[in-house]
Amino acid sequence: MSLAFRSVARSALSQRSAVMGLRSYSSKEPTLKERFAELLPEKQEEVKKLKAEYGKTVIGEVLLEQAYGGMRGIKGLVWEGSVLDPVEGIRFRGRTIPDIQKELPKAEGGNEPLPEALFWLLLTGEVPTAAQTKAFSEELAARSALPKHVEELIDRSPATLHPMAQFSIAVTALESESQFAKAYAKGVNKKEYWKYTYEDSIDLLAKLPPIAARIYRNVFKDGKVGQVDPTLDYSANLAHLLGYGSNPEFLELMRLYVSIHSDHEGGNVSAHTTHLVGSALSSPYLSLAAGLNGLAGPLHGRANQEVLEWLFEMKKEIGSDISKERIEKYLWDTLNAGRVVPGYGHAVLRKTDPRYIAQREFAQKHMPDYDLFKLVSNIYEVAPGVLTKHGKTKNPWPNVDSHSGVLLQYYGLTEQSFYTVLFGVARAFGVLPQLIIDRGLGFAIERPKSFSTEKYAELVKSLAK
């Protein structure tokens, strides 16, 4: 037995002790599960009191155009981890992206936040200590082994099957490991649901890097996948499994990438879908798989792939002339041809996406002379003015997808169809904490009311009288 395997086995044993209610690892500080259990009763009482006192309070109005416009802006979900303000941008438990970059624990010698620490923050509202974060990293490594049937399922998938489809299939197949499903079948008390949802969520989170890496190595490389190193943090293991672990800058990029792509409140397709399916008491495996299928859409997570395709089309057209005048002409040609400028605009934001800014600052630090970064920078200076003059875009500013692919291209991860898989790994950090909270607070199945067009016409005509 190798030293690495023995270390993983010891960590796994410690983790299983935690499941049985014992303190895991050598730290005297509470584990994530223990801390959430300590905080939950107070949160349950807070929600109970809020509902009792203000349950009948009207919190918003619904316009007919919203019903036909994808329910945009309708206040109807509870999402604890983050809130997206049109002007301020995203806040994770009240903290901005610069805040989490400053406050969350980092890898030794690193400057970017560790996603493990962000998961802790999203679940509890508290910043973990460095020791708690390290213990959580070790726990995730200990849980990372994939069942044989899942490995075989991925290996048998044709290379022509989109990586996101393979990703969703593999996560669904992990249902065989669901502690929640097994406990529910045995009639567990609903007050205990959150504990099994927690176990499934942590197991699932741990297994995503090996799944993603196996897909990547099979489709684009030699099919060989390394082993999780229990001494490394989550993002470093992801980078190593993909085959890019030798570059410290790429490790830092993965830490930043996973953190800023994790949570974007609950109304986006992947978050809402995961929450919706989970509300039916489907396991975290089935819930996240449903969310991943939404993330795969070109109007959501696949947009980063489309941005790069458009950038390469532009480079082919304009060549080395990336002057603002030439870019402006290309933008108008794009718009006049009835196409959109990908990577610009957002359903909620009315300013430059803070996630874009974080990636831009990373690029300015690590790749200031990269030609693709220079192109994106010049587009940033031109596009908002063109889109404002065009008049059909409510938000003429860039979103997260405008920049993420450029960073990955620089470090050699050039396979654009894989980018949404990385987004999916990151999004799990945002949606899984909320699933645990949903079960801890006993949230009901989601079931909004729908009307036919005929019924809506009857309703609005009666209200107009």
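Small disclaimer: the values here were computed from a predicted structure and weren't measured. (Residues numbered from 1 in each chain as written. Predicted model: local features only at pLDDT ≥ 70, side-chain atom pairs only at ≥ 80, totals over all residues. Heavy atoms only, no water.)

Novice: What's the story with the packing of helix H10 (residues 193–220) against helix H14 (residues 284–295) in this structure? I'm lost.
Specialist: Axes are the key here: two packed helices are described by the angle between their axes and the distance separating the axes. Contact geometry of H10 with H14 gives a least axis separation of 9 Å together with a crossing angle of 50°. As judged from the angle between their axes, H10 and H14 are oblique. The segment H10 lies against H14, with Thr197, Asp200, Ser201, Asp203, Leu204 and Leu208 engaging Pro284, Tyr285 and Leu288. By residue class, the composition of the contact of H10 with H14 is 5 nonpolar, 2 polar and 2 charged. (Axes fitted to C-alpha atoms, helices over the stretch in contact; angles between N-to-C directions. Helix = DSSP H or I, 4+ residues; strand = E, 2+ residues; numbered from the N terminus. Parallel < 35°, antiparallel > 145°, perpendicular 65-115°, else oblique. Contact = heavy atoms within 4.5 Å. Nonpolar A, V, L, I, M, F, W, Y, C, P; charged D, E, K, R; others polar.)

Novice: Explain empty space enclosed by the protein here, please?
Specialist: Tallied over the entire structure, the rule returns 5 cavities of 30 Å³ or more. Within this model, the second largest cavity holds a volume of roughly 70 Å³. Every residue lining the second largest cavity is counted, 13 residues in all, and those nearest its centre are Ala141, Ala206, Val228, Tyr234 and Asn237. Those elements that provide at least two residues to the lining of the second largest cavity are helix H6 (130–142), H10 and helix H11 (234–242). (1 Å grid on protein atoms, 1.4 Å probe; cavity = no way out; pocket = protein on both sides within 12 Å on 5 of 7 lines; lining within 4 Å. Points joined across faces, edges and corners; volume = space filled by probe spheres on them.)

Novice: Which parts of the structure should I look at to understand the domain arrangement of the protein?
Specialist: Where the parts come together, the accessible area they lose is often given as the size of the interface. Domain parsing of the protein yields domain 1 (33–47 + 62–297 + 417–464) and domain 2 (302–411). Between domain 1 and domain 2, the C-alpha centre-to-centre distance is 27 Å. Facing 33 residues of domain 1, the contacting portion of domain 2 comprises 26 residues. Looking only at domain 1, the three residues that lose the most surface to domain 2 are Glu249, Leu253 and Tyr419, adding up to 24% of its buried area. (Domains from an automatic or database assignment. Buried area = accessible area lost by both parts, 1.4 Å probe.)

Novice: Help me understand the nonpolar core in this model?
Specialist: Burial of nonpolar side chains together is a common tendency in soluble globular proteins. Counting 113 residues, the largest nonpolar core has Phe119, Phe167 and Leu413 as the members making the most contacts within it. If one sorts the elements of this core by residue count, helix H20 (residues 419–440) sits on top with 13 residues. (Core = buried A, V, L, I, M, F, W, Y, C linked by side-chain atoms within 4.5 Å. Buried < 20%, exposed > 50% of the residue type's maximum accessible area, 1.4 Å probe, protein only.)

Novice: What should I look at first to understand helix H18 (residues 371–390) in this one?
Specialist: In this model H18 runs 27 Å from its N-terminal to its C-terminal C-alpha over 20 residues, within 8% of the 28 Å that 1.5 Å per residue would give. Helix geometry: H18 is bent most strongly at valine 382, by close to 35°, with proline proline 384 lying one to four residues after it. Following H18 by one or two positions, glycine 391 has its phi on the positive side, about 85°. (Expected span 1.5 Å × (residues − 1). Bend = angle between axes of the 7 residues up to and from the residue.)

Novice: Teacher, can you tell me more about the pairing of strand E2 (residues 89–92) here?
Specialist: Looking along a regular strand, one sees side chains alternate from face to face of the sheet. Taken together, the 4 bridges between strand E1 (residues 82–85) and E2 define a ladder with antiparallel strand orientation. Within E2, the residue paired with serine 82 across the bridge is phenylalanine 92. In this structure, the hairpin formed by E1 and E2 is closed by a connection of 3 residues. (Pairing = 2+ DSSP bridges.)

Novice: What's the story with the packing of helix H15 (residues 303–318) against helix H16 (residues 324–336) in this structure? I'm lost.
Specialist: It is at 11 Å that the axes of H15 and H16 come closest, and there the two elements cross at 120°. The angle between H15 and H16 falls in the class oblique. The crossing of H15 and H16 is right-handed. The residues of H16 that touch H15, namely those facing Trp310, Glu313, Met314, Glu317 and Ile318, are Arg326, Ile327, Tyr330, Leu331 and Thr334. Counted by class, the contact of H15 with H16 contains 6 nonpolar, 1 polar and 3 charged residues. (Left-handed = near helix turned anticlockwise from the far one by under 90°.)

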